[in-house]
Amino acid sequence: MTIAVIDYGMGNLHSVAKALEHVTQERVVITRDARRILGATRLVLPGQGAIRDCMGELERTELRGLVDELLAQQSKPLLGICLGQQMLFEYSEENGGTECLGFMKGQVRRFPTAMRDPHGQRLKVPHMGWNQLQLHQDHALWRGIHHDEHFYFLHSYYVAASDDANVFGTIDYGDIKAHIATGRDATFAVQFHPEKSARAGLKLLENFVYWAP
């Protein structure tokens, strides 16, 4: 088995690869070679920075068509991380509006700047640090992960999925319920950084390695 971390120039590639190597003896490669990606048994689509840059780099590296094809086929498990979750939806408000891959229906919206917590304290944007996962529905990747488990986040935009069937986990930030774990068929994606989320993050990556959708 080979796990391919798709390298289109955007994302915390080496940290993700090291975390995967920590939970499996299987081969983990960082690659933008189409043959190696197609030959892998599992795929990871990372991302960080600005969504327009991510979409632009997918086009520049000529990986956009390949990713579209893999999403359409759903022939092997794929894990999206951070912007790798956001780009799976139709549209992002970032950069004045950016068209995304449209694999799942929904939009990516910006957190309002005037949000407050239940004690009246102003909340910062970006949302940065630890927050508690709320399990929305069961999934194989939640095995050994509990409701209210903490994961690490760094984002100013959040997914608002149109179809509740695609939502597997949420967080509350101010009065926003963000869809931070979403999926369809053999694809699962999270807004948080599992590679920075200690035991719970490593457990999710381990579950991905052994997931048989």
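Before reading on, note that the structure itself is shown above.
Residues numbered from 1 in each chain as written. Predicted model: local features only at pLDDT ≥ 70, side-chain atom pairs only at ≥ 80, totals over all residues. Heavy atoms only, no water.

Caption draft 1: Main features of the overall build of the protein chain. Per the secondary structure count, the protein chain includes six helices and 14 strands. The C-alpha radius of gyration computed for the protein chain amounts to 16 Å, which stays within 12% of the reference 17 Å derived for 213 residues, consistent with globular compactness. With respect to the principal axes defined by its C-alpha atoms, the protein chain has extents near 55 × 40 × 30 Å. Each of the 213 residues in the protein chain was classed as buried or not, and the buried ones make up 56%. Considering only contacts within the protein chain whose residues lie at least 6 apart along the sequence, 69% involve residues at least 24 apart. Here the protein chain carries 22 positive and 25 negative side-chain charges, and the mean point of each set is 4 Å from the other. (Helix = DSSP H or I, 4+ residues; strand = E, 2+ residues; numbered from the N terminus. Rg over C-alpha atoms; globule rule 2.2 N^0.38 Å. Buried < 20%, exposed > 50% of the residue type's maximum accessible area, 1.4 Å probe, protein only. Contact = heavy atoms within 4.5 Å. Lys, Arg positive; Asp, Glu negative; His and termini not counted. Charge placed at Lys NZ, Arg CZ, Asp CG, Glu CD.)

Caption draft 2: How the structure looks around unusual backbone geometry. Of note, the bond from Val-125 into Pro-126 is cis; its omega dihedral lies within 30 degrees of zero at 15°. Among the structural elements, Pro-126 can be located in the loop between strand 7 (106–110) and strand 8 (127–132). For Cys-82, which is not glycine, the phi torsion reads 60° and is therefore positive. Tracing the chain through its elements places Cys-82 in the loop between strand 4 (78–81) and helix 5 (83–86). Phi angles above zero are rare outside glycine, and Asn-95 is one such case at about 60°.

Caption draft 3: Representation of the sheet that holds strand 12 (residues 167–173) within the structure. With mixed pairing, eight strands are arranged side by side in an open sheet as 2-1-3-4-14-13-12-9. In this open sheet, the two edge strands, each paired with only one partner strand, are strand 2 (27–31) and strand 9 (134–135). Bridge count between strand 1 (residues 2–6) and strand 2: five bridges; the pairing is parallel. Each residue of the ladder has a partner; that of Thr-2, found in strand 2, is Arg-27. (Pairing = 2+ DSSP bridges.)

Caption draft 4: Representation of the side chain of Asn-12 within the structure. The residue Asn-12 is located in the loop between strand 1 and helix 1 (13–23) in this model. Of the polar contacts made by the side chain of Asn-12, one reaches the side chain of Ser-15; its length is 3.3 Å. Setting aside chain neighbours within four positions, we find Asn-12 in contact with Gln-48, Glu-195 and Lys-196. (Polar contact = N/O pair within 3.5 Å; in protein donor to acceptor, adjacent residues only side chain to side chain.)

Caption draft 5: Representation of helix 3 (residues 51–60) within the structure. Buried within helix 3 we find Ile-51, Cys-54, Met-55 and Leu-58. Viewed along the axis of helix 3, the buried residues span an arc of 95°, placing them on a single side of the element. Buried residues in helix 3 make contact with helix 4 (64–73), helix 5, strand 5 (91–92) and strand 6 (98–99). Once helix 3 ends, the next one or two residues include Glu-62, with phi positive near 60°. (Arc of directions from axis to C-beta.)

Caption draft 6: How the structure looks around the nonpolar core. Of all hydrophobic cores here, the largest spans 40 residues; its most connected members are Leu-20, Val-44, Leu-79, Trp-142, Ile-180, Phe-188 and Leu-204. With sequence-adjacent residues up to four places away left out, Ile-180 is seen in contact with Gln-85, Leu-133, Phe-153, Gly-169, Thr-170, Ile-171, Ala-189, Val-190, Gln-191 and Phe-192. Judged by nonpolar contacts, the second largest core, of 33 residues, contains Leu-63, Leu-71, Leu-83 and Tyr-157. (Core = buried A, V, L, I, M, F, W, Y, C linked by side-chain atoms within 4.5 Å.)

Caption draft 7: Highlighting the pattern of salt bridges. In this structure the tally under the stated criterion is ten salt bridges. With its nearest N and O atoms 3.0 Å apart, the salt bridge here joins Glu-149 to Arg-199. On the criterion of sequence distance, the pair formed by Glu-149 in the loop between strand 9 and strand 10 (150–155) and Arg-199 in helix 6 (residues 198–209) is long-range, its members being 50 residues apart. Residue classification places Glu-149 among the buried residues on the basis of a relative accessible area of 16%. By relative accessible area, which is 45% here, Arg-199 ends up partly exposed. (Salt bridge = Lys/Arg side-chain N within 4 Å of Asp/Glu carboxyl O.)

Caption draft 8: Region of interest: the sheet that holds strand 5. A sheet is described by the order of its strands in space; here four strands give the open sequence 6-5-7-11, paired in mixed fashion. Because the sheet does not close on itself, it has two edges, and the strands there are strand 6 and strand 11 (157–161). Of the strand pairs in this sheet, strand 5 and strand 6 are connected by two bridges, and their pairing is antiparallel. Along strand 6, the bridge assignment pairs Tyr-91 with Glu-99.

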